[in-house]
Amino acid sequence: MSDPAHRPSRPWRPWVPWVPWVALAIVVGVALGLGASRGGTAPTPTQRADAIDAVIRCPSCEGISVADSSASTAVAIRGAVAARVRAGESDAQIYAFLVSRYGPGILLRPPVHGWTEWVWVVPPAALAMAAAGLAVVLLRRRRRRRRRPVPVSAEDRALVERALWERSRHLGQPDAMRVR
Amino acid sequence: MTSALVDGTSPGAEVHRRHTAKWVAGVALVVGAALVALLATRPPQTATEVDTPLVGQTAPAIGGSTLGGGSFDLAALRGRWVVVNFFASWCPPCQQEQPDLVAFAYAHRTPGDAVLVGVVFDDSDSTARAFMRSTGASWPAVFDPGGQIALDYGVRGPPETFLVSPDGIVVAHFDGPMTEASLDYWLARAKGTG
Amino acid sequence: MNAALGHSGVLLSLAASVLGVVVIAYGLARHRLDVARTGRVYAGLVLVGAVVATVAMERALITHDFSLAFVAANNSRSTPLLYSITGMWSALAGSILLWGLILAGYVVAMTWRFRRQSTDPLVAWATLVTLVVAAFFFGLMAGPADPFRTVAGTVPANGLGPNVLLQDNALVAFHPPILYLGFVGFTIPFAFAMASLVTGRIGEGWQLATRRWTLFAWAFLTVGIVLGAWWSYQVLGWGGFWAWDPVENASFLPWLCATAYLHSVLVQERRGLLRVWNLSLVIATFSLTILGTFLTRSGVIESVHAFSDSDIGPLLLGFFGAVLATGVGLIAWRGDRLRSPGGIDSMLSREGAFLVNNLLFVAFAFVVLLGTVFPLLYEAFEGQQVTVGAPYFNAMTLPIGLALLLLMSIGPALPWRKTTANTLRDRLVLPAWVGALVVVGCVAGGVRGLGPLVAFGLGGFAAAANARQLVLSARGARRSGAGAWRGFVGRANGGMVVHLGVVVIAVALAAATSFGHRSEVTLRPGQVISSAGHRITFLGLTQVRTPARTATEALVLVDGRGPLRPAVSQYGPNTEAVGTPAIDSGLEDDVYLTVDALPARAGGPVTIGVTVQPLVIWLWGGGLLLVLGSALAAVPGKRRRPTDPVSAPVPAAAAAGDDSSGSGDAEGPSVVVVPDARRDVEPGGPGGPGEPGADEHVPEPVPAGSP
């Protein structure tokens, strides 16, 4: 719909307002790139032991890790983990040892293989399905709307055009018509 | 003002959408019913037996000084049935099961019969010793400094009891206070199959 | 005497609720609405019975009446007065009594608030539903969860005392009642949802009418959860405040659905959309409060086989199943009436944002529920125990949390109906740069780690975006003559303040969980050690003996401040000793001290656990902001007449001058705006003219008289 009062008020090229965003993307990208790495060195034995302790459940506590607990069982497990890390065992070997004693319930993070993988897979899959379903519904609705445009009578058109013109006359500024 | 349908839907689409609501409701109902059924049908446990990875494996070593001042080694008891009992003086179920353990030990006091061994879990030697003495317990109770024996056996908290066969295999693992009757039952059952 | 009094109170409430249900049902069936309105009387009787029972229980606790089994198990002669009073809700049966009392209070408040519409079948149905819920809970108290059961045999001379962990912090007086005010409060919106489904009146009236009730319940639930986190931080000794354990998840699940509902209901008010979503969310919120009570009270999660031992478990589960079946069945039955008159025109709109918001919150709740229930599922099928702990929940909910932060930045800048990317680009450029500068500043300051940096950046973005809304709102309010302060009150503006509180909490969570540091130090008296940037000085041990508590305290100075007193305490004889931590809180970080090992001999070294976590105090500050925002949101806006236009006012013809009261020029060529066809306009619509956030697609009015 052509409006004689409407004309762009800013004489810029259309890409100018995007410049701050591009600059922002570059700045953030660089900063995150610099900040993302926590030093490239291999973890120290203490750090390895701490990382393992954080995912081992304290057997006599209510669901906290051996890293957080000061119960005797937690202290014993922390000691065993530290000894095995020093002896050069891998993370998987240490987990396997603890599971061989306490059962799979000793790990706070359910293992990714076996039946427990469902607990990792189901939420992202459900979210993806829901998003896909939403997209399908919206696309179908938009396609239907495009096939069947809203019928508008000439009398409605005239009404709206007159109202917009009257308003521009009252406000006295042609570019007040521009919808921000 | 015209009365155009804003989103241009056809009557056919209305029927489709009503069915969608019913489908979603149906799925929600089925999932909800499954959840309720699952939560409602957890079976009660018989006795307090737990299935841990140690069952069927060689019993880890138990060695160290006992409350009485001597030393102890589980390997020396090969050839006899051994009941290993992790306990502490401060835990109410341990206090609860102690009389039954005393009765069991007395009933099996003949040499060569099943023997009872205690392991102190996170307790000081003075209180553990006082506990054993005051309850009339006469079986060896091994110290576990640093909780290493408890870790080897995968003990979460006292009282936990293990039944070890004469060839050193863990036959059963119990969580919670035992009674004399259940000990006799499980021993008899293990002897029957083993 | 106390038992008799208590029993009579419980029975009175039970009888009144059952009778009330029968009478209202009869009145509705026979269309005798004058009979139906007597439901108010029965609601009052339920409250009377609940008050009598509560008074009896408190009296028994305060006077140490050990003839009651509950008092004998949860109270002792040496229990201080405060913990005797709070003993009522320190165990199952008493906490059901608290639930019943609060529910009765809510029902009476509801019947009083809607007393002028008490002959309306919808209100009658809502009262009936609340009385059914009350009948269930008082029925529990009359049977399996009887708080006034007397001791079999001789009355003991002294009781066992409350659980030791419930005795060393005064928060036990606040956290459970506030939490229950939240949980139980959702019964009212739920009742109205069921009533509207049953009567088929799915209009907007009941949602507007119960909006403040939902906000009230949500605010209390939020405060209750934050207090719970604060309490476990102060008491439990591991320096953490949220462990994703089943009890915490049980309170978090209804909160997630209620938050989604509070947002989504705006779309229904404005455009009549998302009706099925809103009804589902309200029913889900209430069902999850029942499921949560079941999960924590039946012991199903801690010990899978304790279910069959508990009497109350099957009943709670059955009630949950009934609520779910009824709600879902009603929605399916009324499906045809729930179709919305329109649709979402474009995803790039506020409606679209709220729809995505719903999806994200439901996904969040699904993850938490799945993680909580999965050990049961696994045990049922595989026979082995598996643990789903904090690492799982943290990993799964982090992306959802970040997505919600992003949505919180974009959403308030989105207009209704549809917009273009250019509009967003112009509105959000400044907030986005604030976020970018936060990231740069953090990296320059030495912060490392992708997750926390993204969280901080998004936090800055969201804070700036919401602050921008507040500034615009205040400016608009001042310009239209209402006063700048109006830009900070009202539903939308209070919501912006709540969002700011959420940002503060999110930033604090990211900092505390990513950069916490735990170590153990062994110190002799007088020794100083440095840990994570703080100087820890151990002065020595002291013994403390009060009637309630015997403790060995370690006197510790942190950076010269103190002394702090982490201890190993015993509350009452023959109870186990628990560690009681001491905390030095600062704006930058918290130093959390526990006694890990006492010396083996006198004068020996003590082992102290030192946990240093940054920004913990911001968590509680964010919680305060949440409360403030909820209070601001409850302030009613200027009264609007039903014919007032919703858009910003357009000035009338030049002769009439600027009409700032908002009523558009009815005749003449001004833009025709269609007012919202609301049934009853509550005070507190979108804040009147002080809310450009809603109307930014209309150019701001220029005072008449300008050329």
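Residues numbered from 1 in each chain as written. Chains lettered and ligands numbered in written order. Predicted model: local features only at pLDDT ≥ 70, side-chain atom pairs only at ≥ 80, totals over all residues. Heavy atoms only, no water.

1. Re the overall build of chain B
Then, number 1: For chain B, the count of helices and strands is five helices and eight strands.
Then, number 2: Along chain B, from the amino end to the carboxyl end, the secondary structure elements read α-β-β-β-β-α-β-α-β-α-β-β-α.
Then, number 3: Evaluated residue by residue, chain B yields a buried proportion of 43% over its 194 residues.
Then, number 4: Across chain B, contacts joining residues at least 24 apart in sequence account for 72% of those joining residues at least 6 apart.
Then, number 5: In the form shown here, chain B has an accessible surface area of approximately 9300 Å², with 60% of it arising from carbon and sulfur atoms. (Helix = DSSP H or I, 4+ residues; strand = E, 2+ residues; numbered from the N terminus. Buried < 20%, exposed > 50% of the residue type's maximum accessible area, 1.4 Å probe, protein only. Contact = heavy atoms within 4.5 Å. Areas by Shrake-Rupley, 256 points an atom, 1.4 Å probe, with all protein chains shown as cover.)

2. Points about the pattern of salt bridges
All names here are of chain C.
Then, number 1: Scanning the model with the defined rule gives 16 salt bridges over all chains in all.
Then, number 2: Between E269 and R491 there is a salt bridge, with the nearest N and O atoms lying 3.1 Å from each other. Here E269 is found in helix α11 (residues 246-271), whereas its partner R491 is found in helix α18 (residues 491-514), with 222 residues between them in sequence.
Then, number 3: Take E269: its relative accessible area is 9%, and that puts it in the buried class.
Then, number 4: Note that R271 is salt-bridged to D345, the shortest N-O span being 3.9 Å. Of this pair, R271 sits in helix α11 while D345 sits in the loop between α13 (312-333) and α14 (350-382), and the two are 74 residues apart along the sequence.
Then, number 5: Taken together, the shared-partner salt bridges connect R271, D345, E351 and R417 into one network. (Salt bridge = Lys/Arg side-chain N within 4 Å of Asp/Glu carboxyl O.)

3. What about the nonpolar core?
Then, number 1: Counting 181 residues, the largest nonpolar core has F137(C), F192(C), W218(C) and Y392(C) as the members making the most contacts within it.
Then, number 2: Among the nonpolar cores identified, the runner-up in size contains 26 residues, and W81(B), V83(B), A141(B) and A172(B) belong to it. (Core = buried A, V, L, I, M, F, W, Y, C linked by side-chain atoms within 4.5 Å.)

4. Notes on the side chain of E97(B)
All names here are of chain B.
Then, number 1: On the secondary structure map, E97 appears in helix α2 (residues 92-107).
Then, number 2: Of the buried charged residues, E97 lacks a salt bridge, with R156 as the closest side chain of opposite charge at 16 Å.
Then, number 3: Ignoring sequence-local partners within four residues, the contact set of E97 consists of N85, P159, T161, G176, P177 and M178. (Lys, Arg positive; Asp, Glu negative; His and termini not counted.)

5. Concerning the interface of chain A and chain C
By convention, interface size is frequently given as the accessible area that disappears when the constituent parts associate.
Then, number 1: Taken together, the contacts link 58 residues of chain A with 65 residues of chain C.
Then, number 2: With both sides pooled, the region where chain A packs onto chain C buries about 5200 Å², and carbon together with sulfur makes up 69% of that total.
Then, number 3: Counting every contact that joins chain A to chain C gives one salt bridge.
Then, number 4: There are nine residue pairs in polar contact (both at pLDDT 80 or more) connecting chain A and chain C.
Then, number 5: Elements with a contribution of two residues or more to the side of chain A that touches chain C: α1 (19-36), α5 (117-147) and α6 (154-171) of chain A.
Then, number 6: Looking at the side of chain A that touches chain C, the element that brings in the most residues is α5(A), giving 13 residues. (Buried area = accessible area lost by both parts, 1.4 Å probe. Polar contact = N/O pair within 3.5 Å; in protein donor to acceptor, adjacent residues only side chain to side chain.)

6. Some words on the environment of N75(C)
All names here are of chain C.
Then, number 1: Its location among the elements puts N75 in the loop between α4 (69-74) and α5 (81-85).
Then, number 2: When the C-alpha positions of N75 and A16 are compared, they lie 31 Å apart, and in sequence the two are 59 residues distant.
Then, number 3: Among the polar contacts listed, one links the side chain of N75 to the side chain of H64, at a separation of 2.5 Å.

7. Topic: the sheet that holds strand β4 (residues 82-87) of chain B
The strands making up a sheet associate through hydrogen bonds between their backbones, and the pairing can be parallel or antiparallel.
All names here are of chain B.
Then, number 1: Strands sit in the order β1-β8-β7-β4-β5-β6 across an open sheet of six strands; the sheet is mixed. With one partner strand each, in any of the chains shown, β1 (49-50) and β6 (141-142) form the two edges of the open sheet.
Then, number 2: α2 rests against β4, β5 (115-120) and β7 (160-164) of the sheet, and its axis sits at about 155° to β4. (Pairing = 2+ DSSP bridges. Axes fitted to C-alpha atoms, helices over the stretch in contact; angles between N-to-C directions.)

8. Observations concerning a nonpolar patch on the surface
Then, number 1: Nonpolar side chains collect at one region of the surface, where W15(A), W18(A), V19(A), V22(A), I26(A), V30(A) and L34(A) lie side by side and expose about 710 Å² of accessible area between them.
Then, number 2: If you trace the backbone, V22(A) turns up in helix α1. (Patch = residues over 30% accessible without salt bridge, like charges linked within 9 Å, V, L, I, M, F, W, Y side chains within 5 Å.)

9. Comments concerning the environment of W81(B)
Residue and element names in this part refer to chain B.
Then, number 1: With respect to the secondary-structure elements, W81 resides in the loop between β3 (71-73) and β4.
Then, number 2: W81 gets classed as buried once you look at its relative accessible area, which sits at 12%.
Then, number 3: Along the primary structure W81 and G56 are separated by 25 residues, whereas in three dimensions their C-alpha atoms are 15 Å apart.
Then, number 4: In this view, W81 contacts D113, A114, V115, L163, V164, S165, P166, V171, L187, A190 and K191; residues no more than four positions away in its chain are not counted.

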